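One letter stands for each residue in the lines below.
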Amino acid sequence: MNQAVDLDPARVGELLAPDVVRHFGPATIEHLVRLSGGASRETWSFDVVGADGSRRELILRRDPGDTGSAGPEGWRGGKTAYSLDRETEAELQRVVFEAGAPVARVHFSLPAEHSLGGCYVMDRIAGEVLAPRILRDDAFAGARATMARQCGEILAGLHAIDTTRLPAGLTRMPVRALLAYYRDLLDGISDFYRDQTPVARPEYHPAFELAFRWLEQHCPDAAPAGLVHGDFRNGNFVVGPEGIRAVLDWELGHIGDGMEDLGWLCVRAWRFGQHQHPVGGFGRREDLFAGYEAAGGRAVDPKAVHFWEVFGTLKWGIVCQFQAYKHLSGLIDSFEHMAIGRRACENELDLLQLIEEA
Amino acid sequence: MPQDRATADELLAGVAAFLRDEVLPQLGGASAYKCRVAANILAIVQRELVLGSAADRAELAGLQALLGNDSDARGDAIDDIAVRMLQALVGQDRDECDTRAALDAGNAELCAQIRSGALDDRRAEIFAHVRQTVRDKLAIANPKYPALREHGG
């Protein structure tokens, strides 16, 4: 595990330079700045200028400190147990790039032992990433009109990738394995609060129990297995006025039921208030499904997508609790994460309604 | 013995106003975000002080109505401790019981019974109870959260 936490730009540039030269030849790094982004990942933007004056616009994605993939302690270490380390994520991104999916081209990756920690360098795709802007700004009105169908097309391509070409590090997470994982997360957090906090009370979520019960009774067990992005939603898209240019953040990639991606895209949290547009706050389910089928995806059963929307809402609710756990267990020091725990009940309300509509 | 004024509610309101009106305008970036979260947390605690105990009592009454009288007869995967606590609750003056322990016991039993399928045939009443409990939680955590309504999806 590397301990390279909170590096300043000068130090990141220093540590990165030898590998930049090794990969691109004689070149200098310019305009290295950290972009705002996730708490567990750092994203840096920089240019590489060659001896002939040519300029490449690049992104460095790295793990600060020892927050790579989950260790043997699983989620108790604060990471989703089936998440990928940066080298495997880079490898996955290369495979989907070669398959023709809209994703940034990866130039090189560095192992966890590197002084920068596990990281990789890829092309910087210009465009907007902030979901609220994509959903509200006039500049993206045209994009919004096409994105639901485009999401269907992109997902059909991802789900069709030959699984033998995927990195060996990807976990098989069929529906029952996912249910078991989030069941363990829900119960484990409650046990932790009961046994290892001064309050010494478990946490009960009857609404989540109703959701688990419903999901177990409606499990699409026979689904074919393929690549699943795992976090395919607004916020992980680079968008231009014409639509999606690149899909980001492949660390939750796994092998499972592709309908998981379609359902997750419809989860309420990713609509950012635009509930009249159930697909990601921008589109209609009919267009998502039509795009998926037109691009060669299997026939979409709306009930299966609804199943995964219920699952995704439950998952997001439990992940809200997980954020509070990270602070209360001392893994991180962030009172904001505690506040996210109080959002679990938003998902409970949504779950009750989703199940009743079924 | 009551504390001297100001009340906890009033104290929190004062600090929240300070954060919002005086501190926040001086901040930017991540600190401004954290300051907004901090003010929001104080508002949650304030609402919990006002609404929390009534919500707990309502939840307990709901649990009793669902599980209270025939929990022994059901016997499905019921935690022994939960049964004892519920019996104590049903048989004695409610004020003598620790509301929190009773809530935990009742919820443990409710969750276990939902999980085992023992309540599958009582869906409507279970949903009504859980929905009310969730609404009471939201009234404290995020009263602006709207019920899900889709148009055209």
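In case you missed it, the structure is sitting above this.
Because the structure is predicted, anything quoted here is derived from the model rather than measured.

Q: Help me understand the interface of chain A and chain B in this model?
A: Across the boundary between the two partners, chain A contributes 34 residues, which contact 39 residues of chain B. Across the chain A to chain B interface the summed buried area is about 3,500 Å²; carbon plus sulfur atoms make up 60%. On inspection of chain A and its partner chain B, the count reaches six salt bridges. Of the charged contacts, one joins Arg342 of chain A and Glu48 of chain B as a salt bridge, the two residues approaching to 2.8 Å between their closest N and O atoms. At the boundary of chain A and chain B, one finds eleven residue pairs in polar contact (both at pLDDT 80 or more). Counting residues per element, the ones that place at least two in the side of chain A that touches chain B are helix 5 (175-196), helix 6 (206-217), helix 8 (285-294), helix 10 (335-341) and helix 11 (344-357) of chain A. In terms of residue count, helix 11 of chain A provides more of the side of chain A that touches chain B than any other element does, ten residues in total. Grouping the constituent residues of the side of chain A that touches chain B by class yields 14 nonpolar, five polar and 15 charged.

Q: Where do I start with the environment of Ala168 of chain A in this structure?
A: Residues and elements named next belong to chain A. Mapping Ala168 onto the fold places it in the loop between helix 4 (141-159) and helix 5. The class of Ala168 is exposed, set by a relative accessible area of 82%. A C-alpha to C-alpha distance of 9.7 Å links Ala168 and Glu91, two positions 77 residues apart in sequence.

Q: Would you take a moment to explain the packing of aromatic side chains for this structure?
A: Two aromatic rings, taken as a pair, are described by how far apart their centres are and by the angle between their planes. All names here are of chain A. Here the structure, examined in full by the defined rule, presents 16 aromatic pairs over all chains. Where Tyr82 meets Tyr181, the ring centres are 5.4 Å apart and the plane angle is 75°; that geometry is what we call edge-to-face. Residue Tyr82 is located in the loop between strand 3 (55-62) and helix 2 (86-98), and its partner Tyr181 is located in helix 5; the two are separated by 99 residues in the primary sequence. Pairing Tyr182 with Phe311 gives two aromatic rings, centres 5.8 Å apart and planes at 75°, and the pair type is edge-to-face. Taken together, the residues Tyr182 in helix 5 and Phe311 in helix 9 (residues 302-328) connect sequence positions 129 residues apart. Look at Phe311 and you get buried, because its relative accessible area is 1%. Between Arg183 and the ring centre of Phe212, over which it is positioned, the NZ or CZ distance is 4.7 Å. Seen from the ring of Trp264, Lys315 lies directly overhead, with NZ or CZ sitting 4.1 Å from the centre.

What counts, and where the lines are drawn
Residues numbered from 1 in each chain as written. Chains lettered and ligands numbered in written order. Predicted model: local features only at pLDDT ≥ 70, side-chain atom pairs only at ≥ 80, totals over all residues. Heavy atoms only, no water. Contact = heavy atoms within 4.5 Å. Buried area = accessible area lost by both parts, 1.4 Å probe. Salt bridge = Lys/Arg side-chain N within 4 Å of Asp/Glu carboxyl O. Polar contact = N/O pair within 3.5 Å; in protein donor to acceptor, adjacent residues only side chain to side chain. Helix = DSSP H or I, 4+ residues; strand = E, 2+ residues; numbered from the N terminus. Nonpolar A, V, L, I, M, F, W, Y, C, P; charged D, E, K, R; others polar. Buried < 20%, exposed > 50% of the residue type's maximum accessible area, 1.4 Å probe, protein only. Phe/Tyr/Trp six-rings, centres within 6.5 Å; stacked < 30°, edge-to-face > 60°. Lys NZ or Arg CZ within 6 Å of the ring centre and 35° of its normal.

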